Amino acid sequence: MAATIKDVARLAGVSQSSVCRALAAPDQVRPATRERVHQAAAQLGYRPNRVARSLSTGRTGNIGLVLPDIANPFFPGVVKAVQRRAREFDLAVLLADTDEDPAAELELISTMTKQVDGFLLCSPRASDEDLRSVSGDTPVVFVNRRVGRLPSVNFDSADGIRQAITHLAALGHRRVAYVAGPRSSWVNRERLRSIRSVATAMDLEVVEAGNVTPTLEGGIAVADQILAASVTAVIAFNDMIGLGLLSGFNARGVNVPADISVVGFDNIPTAGLVNPPLTSVDMPKEQCGRSGVELLVQLLNDREGRASSRRLLPTQLIVRGSTGPAARI
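An account of the accompanying structure is given in this report. (Residues numbered from 1 in each chain as written. Predicted model: local features only at pLDDT ≥ 70, side-chain atom pairs only at ≥ 80, totals over all residues. Heavy atoms only, no water.)

We now examine the pairing of strand β10 (residues 279-282). Direction of pairing for strand β9 (residues 261-266) relative to β10: parallel, over a ladder of four bridges. When the bridges of β10 are listed, Phe265 appears paired with Val281. (Pairing = 2+ DSSP bridges. Helix = DSSP H or I, 4+ residues; strand = E, 2+ residues; numbered from the N terminus.)

This is the structure we're talking about:
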């Protein structure tokens, strides 16, 4: 016969209610109790009935993960980490792709609300006002986006920009371009603000280009504009734009990095496989996904703790072959 919650409680030496909390809301029990319950459940082969648990707790056991473009190589690493960490909390992940459309984003969230206990909104494109409204109805953790003091997990893009500019300045670059991503992207606005501030402090001139779609095609399309700007280096909003720039420059017979240096953001797997390999600011995507789930679980178990639930993850410049000494113009 299949093991029951009563069997688990007897083997672990705890009450049935403690077993329920340890399995459904692990943060609400002491670590030692949680460990005994999990060991007992594993030993007995006990699997909680999701429907019964939903009826008893009022929860679905699902969380929603909404992101702007699953085809962007940045996001799969985050998605896999979210799924892996969610399974450890016995949560299922429902995934939605908004195709970079703020209206579709809000519609999907509205549609999914009754199917999930809370949301991870990854790089959302909607306005702060709309996102605050969403978080008032359902527990939400923002990933790669800050909305006031609401729960969020972000990367230290400002320090990533500082590392990139410092690297280029050390190579003798004094006039640098920045290719901006989507106008609706909060991260793009933060990076633009940071690059202006750091460049001013280091007495570098910045030429701003874009906004372009954060894709290979977006980078190719802006390549001529960058070459016409007479810069010796360019920082792209993300690696996909950076890879598009490399392709566009190569098609025009421009040598990277002898004629122009290129820096990307995200450090996607492809960045190190092209020729020349792309210098990029690494974002800890797996840590981001794990942290997002952990904050959401905390929020589900303690709605009062939301104001202080924010994490800032470090970034690191990975120097490769696409950057070199400044060319003479």
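Moving on, there is more to tell.
Now for helix α8 (residues 157-170). With 14 residues, α8 extends 20 Å from end C-alpha to end C-alpha; this agrees with the ideal 20 Å at 1.5 Å per step. In the segment just after α8, Gly172 is the residue with positive phi, at about 95 degrees. (Expected span 1.5 Å × (residues − 1).)

Before going further, it helps to examine empty space enclosed by the protein. Scanning the model with the defined rule gives one cavity of 30 Å³ or more in all. In this model, the largest cavity occupies a volume close to 140 Å³. Contributing to the lining of the largest cavity are 15 residues, with Phe75, Ser123, Asn144, Phe237 and Asp266 lying nearest its centre. Of all the elements in the fold, those that place two or more residues in the lining of the largest cavity are α5 (74-88) and α9 (186-201). Of the residues belonging to the lining of the largest cavity, the class tally is six nonpolar, five polar and four charged. (1 Å grid on protein atoms, 1.4 Å probe; cavity = no way out; pocket = protein on both sides within 12 Å on 5 of 7 lines; lining within 4 Å. Points joined across faces, edges and corners; volume = space filled by probe spheres on them. Nonpolar A, V, L, I, M, F, W, Y, C, P; charged D, E, K, R; others polar.)

What follows is about the pairing of strand β4 (residues 140-143). Judged by which residues are buried, β4 turns out to be covered on both faces: Val140 and Phe142 on one side and Val141 and Val143 on the other are all buried. The pairing of strand β3 (residues 118-122) with β4 spans four bridges and is classified as parallel. Bridge assignment links Leu120 to a residue of β4, and that residue is Val141. Handedness of the β3-helix α7 (residues 128-137)-β4 crossover: right-handed. Pairing of β4 with strand β5 (residues 152-155) involves two bridges; the strand directions are parallel. (Buried < 20%, exposed > 50% of the residue type's maximum accessible area, 1.4 Å probe, protein only. Right-handed = clockwise from strand over helix to strand, strands pointing away.)

This part takes up the nonpolar core. One finds Leu120, Ile226, Val234, Ile235, Leu245 and Phe249 to be the most contacted residues of the largest nonpolar core, which totals 73 residues. The contacts of Val234, once residues within four sequence positions are left out, are Val176, Ala177, Val179, Ile226, Leu245, Phe249, Ile260, Ser261, Val262 and Val263. Among the nonpolar cores identified, the runner-up in size contains 14 residues, and Val66, Met112, Val116 and Val147 belong to it. (Core = buried A, V, L, I, M, F, W, Y, C linked by side-chain atoms within 4.5 Å. Contact = heavy atoms within 4.5 Å.)

Contact geometry for α5 and helix α12 (residues 285-301): axes closest at 7 Å, N-to-C directions at 40 degrees. Classified by the angle between their axes, α5 and α12 sit oblique to one another. The handedness of the crossing between α5 and α12 comes out as right-handed. Along the contact surface, α5 presents Phe74, Gly77, Val78, Ala81, Val82, Arg84, Arg85 and Ala86, while α12 presents Lys285, Glu286, Gly289, Arg290, Val293 and Glu294. For the contact of α5 with α12, the per-class residue count stands at six nonpolar, two polar and six charged. (Axes fitted to C-alpha atoms, helices over the stretch in contact; angles between N-to-C directions. Parallel < 35°, antiparallel > 145°, perpendicular 65-115°, else oblique. Left-handed = near helix turned anticlockwise from the far one by under 90°.)

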